[in-house]
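Examining the three-dimensional arrangement
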Amino acid sequence: MPTLLPYYAALAAAILCGVGGQVLLKTGSARTADIIGQFLDPFTVLGLGAYGLAGVLYIVAIKKIPITFAFPSVSFSYIAVALIAHYAWGEPLGLPQTAGIALIAAGIVLLHQG
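Here is a short report on the structure shown in this document. (Residues numbered from 1 in each chain as written. Predicted model: local features only at pLDDT ≥ 70, side-chain atom pairs only at ≥ 80, totals over all residues. Heavy atoms only, no water.)

**Some words on the packing of helix α1 (residues 5–31) against helix α5 (residues 76–89)**
Rules: Axes here refer to lines fitted to C-alpha atoms; in helices the fit is confined to the stretch in contact. Angles between the N-to-C directions go from 0 to 180 degrees. Only runs of H or I of at least four residues qualify as helices and only runs of E of at least two qualify as strands under DSSP, and these elements are numbered from the N terminus. Rotating anticlockwise by less than a right angle from the far helix to the near helix defines a left-handed crossing, while the corresponding clockwise rotation defines a right-handed one. The contact criterion used is simple: two residues touch if any of their non-hydrogen atoms lie within 4.5 Å. Only Asp, Glu, Lys and Arg are considered charged, only Ala, Val, Leu, Ile, Met, Phe, Trp, Tyr, Cys and Pro nonpolar, and every remaining residue, Gly among them, polar.
Between α1 and α5, the least distance of the axes is 10 Å, while the angle of their chain directions is 35°. Crossing angle aside, the handedness with which α1 passes α5 is right-handed. Across from Ile15, Val19, Gln22, Val23, Lys26 and Thr27 in α1, the residues of α5 making contact are Phe76, Ser77, Ala80, Val81, Ile84 and Trp89. For the contact of α1 with α5, the residue count by class is eight nonpolar, three polar and one charged.

**A few points about the environment of Leu5**
Note the cut-off: Burial classification: accessible surface area is computed with a 1.4 Å probe over protein chains only, and a residue below 20% of its type maximum counts as buried, one above 50% as exposed, and the rest as partly exposed.
You can see Leu5 is positioned in helix α1. The exposed category is assigned to Leu5, whose relative accessible area is 55%.

**Observations regarding the nonpolar core**
For the record, the criterion: Residues enter a nonpolar core if they are buried and are Ala, Val, Leu, Ile, Met, Phe, Trp, Tyr or Cys, with the set joined through side-chain atoms within 4.5 Å.
Of all hydrophobic cores here, the largest spans eleven residues; its members are Ala10, Leu11, Ala14, Ile15, Cys17, Ala54, Leu57, Tyr58, Ala61, Ile65 and Ala70. Counting residues per element, the ones that place at least two in this core are α1 and α3 (42–62). The element best represented in this core is α1, accounting for five residues.

**Quick word on a nonpolar patch on the surface**
Under the convention used in this document: Each patch groups residues whose relative accessible area exceeds 30% and which form no salt bridge, using 9 Å between like charges and 5 Å between nonpolar side chains of Val, Leu, Ile, Met, Phe, Trp and Tyr. All accessibility values rest on the Shrake-Rupley procedure with a 1.4 Å probe; residue burial counts only the protein chains present in the view. Basic side-chain nitrogens of Lys or Arg form a salt bridge, by our definition, when they fall within 4 Å of a carboxyl oxygen of Asp or Glu.
Taken together, the side chains of Ile35, Ile36, Phe39, Leu40 and Leu48 present a nonpolar region at the surface, about 570 Å² in accessible area. Counting residues per element, the nonpolar patch draws most heavily on helix α2 (residues 35–40), which supplies four residues. Considering the arrangement of structural elements, one finds Leu40 in helix α2. Overall, the relative accessible area of 65% leaves Leu40 in the exposed class.

Here's what the structure looks like:
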């Protein structure tokens with residue numbers, strides 16, 4: 001297991017970079033009124049960069065981690081982004097969203113059994 005530690009760290013970093021990228025893109029979109037301004041906003045540029053870095057880290061991770069484990073793990077980002085969006089921007093987190101988050105979490109746990 002210790003030999004796989006760098007690959008699991010890369011997977012975790014990829015997930016965090018993806019979450020960060022999503023938050024940065026949302027922040028950039030909230031700060032601009034037009035499409036040109038959106039793509040020139042520093043938050044958008046940083047968000048796209050974070051997604052690029054997430055992709056590179058994910059490639060490193062799947063070099064040794066089975067994709068049947070790695071890909072479902074990325075679903076954790078959906079949970080993190082939904083929670084961040086609720087607390088940062090007041091986006092809805094009612095029963096439908098909570099149920100969806102619970103189902104995603106249950107799916108991740110189920111796929112990681114065994």
